[in-house]
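Read off the chains here:
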Amino acid sequence: MNRILPLLFLWLLAAPLWAQQFALRGKVTTRENEPLVGATVRVKGTQTAALTDGYGGFRLQLPGPGSVLQVSYVGFSTVEVEVGGRTSLTIVLETDSKVLNDVVITGYSVQNRKDIVGSVTRISGEDLKGTPAASFNQLLQGKATGVQVTSNSGVPGGGITFRVRGNNSINASVDPLYVIDGVFVSNTEPIRTSIGNQQQSNPLADINPADIESIQILKDANATAIYGSLGANGVVIVTTKRGSLNTKARITANISHGWSDAVKKFRATTGPETGTLVNEAAVNTAIDRGVDPSTITLPFADPSKLPTYDRISDLFRVAGTSSYDLSAQGGTARSTYFAGFSYLKQESIVKPSDFERYTVRFNYDNHLSDKVKLGNSLNITRTYRNVSSNDNNPTGVINSAIFPRSYLPVFNDDGTYARSGSFDNHLALIRNLNNNAVGWRTIANLYAEWAILPELTLKSSWSLDNSDMYENNYSNTLISAGIATKGSAASYETKNLILTNEQILTWRKSFGEKHRLHALVGNTVNSVIQESTTATGQGFATNNLTSISVAATTLGSSSRAVARLVSFFGKAGYTFDNRFTLDVSLRADASSKFGADRRWGYFPSAGVAWNASNESFVKDLGVFNELKFRASIGLSGNQNGIGSYAAQGLWSSGSNYLETAGTSPSQLENRLLTWETTRQVDIGTEFSILNNRLGVTVDYYNKYTYDLLLNVPVPSRSGFTTYLQNFGAVRNKGVEIALHSRNIEGRNFRWSTDFNISFNRNKIEKLASDIALGASGRNISILRQGYAVNSFQLYKQLYVDPQTGNAVYEDVNKDGILTSADRQIVGNALPRFTGGLTNTLSYKQFDLNFLFYFQEGNKIMSMHDFFLVHGGTQNFIGFIPRQLERWQKPGDVTDIPRLTTYSGAPTVNGGPSNNYGGNVANQSSRYLLDGSFIRLRNVSLGYTVPQSIVKRAGLTNVRAYVQAANLLTFTRFTGLDPEVSSQSNSQNTAGYDWATVPQPRTVQVGVSVTL
């Protein structure tokens, strides 16, 4: 009894406390009843909180029946719910369009933009609509700061130059890493048919842009360092569309057709004009040689009687584009799906090229239990290209039309194709070119996710990017390439396989209302396997038999290369009171490409952010709705662009003696070869004012890349000319500014504007020696310490002497003569700034969107003018109208010197021999043109049929639209198109215009229907 009384007393004392606490069980879902995993459920005014599990469920011990819950999740509006004595409840969160725009997919995680300490740009799939283009990276032009996108030509599915914050390297790749649904995808050029020095294709044209949900571009070190050796050039993360739980199937069909033509076309002097120029050159040359011109026989007695043959009109056509997209998405209580099919066919405005693509996509996710989720992403693509030669190929279609003199006939008297010099007949090429490239590509990802605890998740994924390009070419006996060999054929098969396995353990935890932690650790195993097979044949009995097996002589070769990468990484972030965020990461990579002593690289980063708008003194100002400052620093690496066995000592076959096969050393070993490393500092601010009507983002960055993977010259006594080692440095620094304004938000009328501008300065900080290259051995491009990459080295023309008509150049070394020492850097192909201006308007059922893109300060070397404003020095080659602006008599003021082919006294500055020949040899700055331009990149006008009409037809949505691309271009560039880079096969020879297909002007109409 004495023991029972104290126990009874304690029970009576504790009973009121027990009566106040009880257990609550609940679930957090979307409006579509999709569970929200990882939502925060907090008891207001206390430190008690929980995270929802794999089914959106949670459990809490509440202090009393009147408790209030605060529920939040990234991308959704935060709500407060009164428990009201209930022991179970379901809480539904609504998406917040403003907050949803702030959801950012960074390296291996999803974060709210307010917690981001790095520089990340997000572009939604909706923002990619409105421009007819085959690839999503082309559609990013003018939409993101720090990103320069250039279409190298107007060929459908053709090469794209894509740079994030400048060129970081010289030998290694400068392309960003592309990650699509967690798959590391290849951007390696698969086509091997030689078409000059232009990048033949854009491998990312294998992806249908209509399948994309969003794109995140990671730019600073804090954002990219988690990708280590793959992230130095930036990271582009692409997320494709997926279904939603508990939603019925939504079927969407989109059909469009377009027409494209050339805004400007090539021009040539007429037959009489050409004859007059040829005669004038002959007279002037005689004078320069001291010969009485009356004693020479002119090439044409009466140039006015010469005929004019129009080849250029044969090149161009009104090209058609057809696009068909069909998709279905939805989900059950436990699974979601997205399935899509698309077909695209694009003709080039220059015959005979075209591009065709079939794409199938299937994304699926399934919740096997409360804790386990499986899913996949699958994309299969088939492409077809009819490949046509251009730029510096004399037997290319364009060159064969623009180079022959206009008075020369297209056909011989017997009706056969006429040819001039080394140039083929353009019609023969258009009618007989047979270069077919067929590609198959599979991009797939399979993942499993296990919610070990509500705050702890393990994800494992397996992915592949498998591409196979098959090219089958035949040159018959009607074109030059087949005449001398009695028909020639080539077959190439190129396979590229990327296999990746990743494990990621993620932990998220909130402590009270002021502390949030997130951390992850993981590892990656990556293999890249490249295989190629080549077969060629010459001598065919007839053009009807084109298989290599029936050729008189055949050759074949094959190769295989394997590179592997093993990585371990970790990242942690801490946010205090929604004001201060600290984020750190570390990645360790080991690559088989590097020397045995230096295979491991370590890439740390750190960043901080201060959300000053949550400070009371900032709120008291009444100016800022949001105000954030951030800074980051870190290292990232680069191993792309070098061979799989770049560090190894190699031997090659082919050193045969008589009938005995032999081998010889072909590459020196470098056991110390290791990563290029980029150190980047980023300082930025983001703020919004006027009730979030105006948002501004400003970033300053400084990127320094050192230990470049560079082929350094070595003494010839070594038996080699170069040795790949870590030497050299490049710096990029710049400022980025982005503005978003909601100008008008009325009931029926809305208008918003997005503007961005990016400034970048590139400089080679360290280089062993000058590297001259470009223009087919003319070495017009140069890499030199203290200057930017893609610099041009020319003789700087000061003026044309009005009295003599001869060109005068700057004497750099002041020695009174003109030699190669007087060549100097006179500009580069890199713009000082790029940007875009987008306006989006809607009035009732109508919507209008238009984008202006601009760039300023870049130079373009016009090889078109180089060859066709030649003063008579090029036999068999005609002229363009610019040659008619030449000096003719004393007092003429022009930049085109007097016609002459005289080559004597080549060192005399201001003498006739350097007008077009001599030491200058036409490498004059007069052919270096300003490539700045402003372009109305696209305009889109749409009409959405009212719901009252659509529903009666049993549909969900119907929209008709018309789009136009490249309607207007404002530029001083005299060529066909300032957006050009015909030597793009090398990243160090950008900015050449050389018989290139221009960007087409396109008008497209279409309709989108949703069931």
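Residues take numbers from 1 onward in each chain, read along the sequence in its written order. With the structure being a predicted model, the display of local features is reserved for residues of pLDDT at least 70 and the display and counting of side-chain atom pairs for 80 or more, all residues being used for whole-chain, interface and lining totals. Excluded from the side-chain calculations are hydrogens and water; all other atoms, namely the structure's heavy atoms, are used.

In the annotation of an unreviewed UniProt entry, the entry for the chain reads TonB-linked outer membrane protein, SusC/RagA family, and the organism field reads Siphonobacter aquaeclarae. The heading Subcellular location (unreviewed entry) in the UniProt record of the chain holds the text "Cell outer membrane". Check the Sequence similarities (unreviewed entry) section of the UniProt entry for the chain; it says "Belongs to the TonB-dependent receptor family." UniProt positions are given in the numbering used here, feature names are shortened, and annotations may be inferred rather than shown by experiment.

Caption draft 1: Representation of the environment of Lys265. Secondary structure elements are defined from DSSP: runs of H or I of at least 4 residues count as helices, runs of E of at least 2 residues count as strands, and each element is numbered from the N terminus. As for its placement among the helices and strands, Lys265 is situated in the loop between β17 (247–262) and α5 (271–288). A C-alpha to C-alpha distance of 8.5 Å links Lys265 and Pro998, two positions 733 residues apart in sequence. Those residues within four positions of Lys265 in sequence are excluded, and the remaining contacts are Phe316 and Leu976. Note on contacts: a residue pair is in contact if any heavy atoms of the two residues lie within 4.5 Å.

Caption draft 2: Structural context of α5. Between its first and last C-alpha atoms α5 spans 26 Å; for 18 residues at 1.5 Å apiece the expected length is 26 Å, and the two agree. Exposure categories follow from relative accessible area, calculated using a 1.4 Å probe and restricted to protein chains: below 20% of the type maximum is buried, above 50% is exposed, and the middle band is partly exposed. Burial in α5 covers these residues: Gly271, Thr274, Gly275, Leu277, Val278, Asn279, Glu280, Ala281, Asn284, Thr285, Ala286 and Asp288. A positive phi of about 80 degrees marks Gly290, the residue just after α5. Helix span, expected: 1.5 Å multiplied by one less than the number of residues in the helix.

Caption draft 3: A look at the pattern of salt bridges. Each reported salt bridge corresponds to a side-chain nitrogen of Lys or Arg within 4 Å of a carboxyl oxygen of Asp or Glu. Counted by the stated rule, this structure contains 37 salt bridges. The salt bridge involving Asp288 is made with Arg898; its shortest N-O contact spans 2.9 Å. In this pair, Asp288 sits in helix α5 while Arg898 sits in the loop between α11 (863–868) and β47 (928–930), placing the two residues 610 residues apart along the sequence. There is no split in this pair, since Asp288 and Arg898 are both buried. Across the salt bridge formed by Asp847 and Arg959, the nearest N and O atoms sit 2.8 Å from each other. Here Asp847, found in strand β45 (residues 846–856), pairs with Arg959, found in strand β49 (residues 957–971); they are 112 residues apart in sequence, far enough to count as distant.

Caption draft 4: Examining the pairing of strand β41 (residues 797–800) more closely. As paired elements, β41 and strand β42 (residues 807–809) share 3 bridges and run antiparallel to each other. Within β42, the residue paired with Val800 across the bridge is Ala807. DSSP calls a pair of strands paired once it identifies at least 2 bridges connecting them. Counting the residues in the hairpin turn of β41 and β42 gives 6 residues, including Gly805, whose phi is positive at 80 degrees.

Caption draft 5: The packing of aromatic side chains, seen in detail. Any two rings among Phe, Tyr and Trp, with Trp reduced to its six-membered ring, count as a pair given centres within 6.5 Å; such a pair is stacked if its planes are under 30 degrees apart, edge-to-face if over 60, and tilted if neither. In total, this model carries 32 aromatic pairs according to the counting rule given. Taken together, a centroid distance of 5.8 Å and an interplanar angle of 85 degrees make the contact between Phe624 and Phe687 edge-to-face. A residue pair is termed long-range when its members are at least 10 positions apart, and Phe624 in strand β29 (residues 624–638) and Phe687 in strand β32 (residues 676–689) qualify at 63 residues. In this structure Phe624 comes out as partly exposed when scored by relative accessible area, which is 29%. Counting every residue linked through ring pairs, the aromatic cluster contains Phe403, Phe423, Phe866, Phe867, Tyr927 and Trp994. The rule for a charge over a ring is simple: NZ of Lys or CZ of Arg within 6 Å of the ring centre, and within 35 degrees of the ring normal. The residue whose ring lies beneath Arg935 is Phe933, and the NZ or CZ to ring-centre distance is 5.3 Å.

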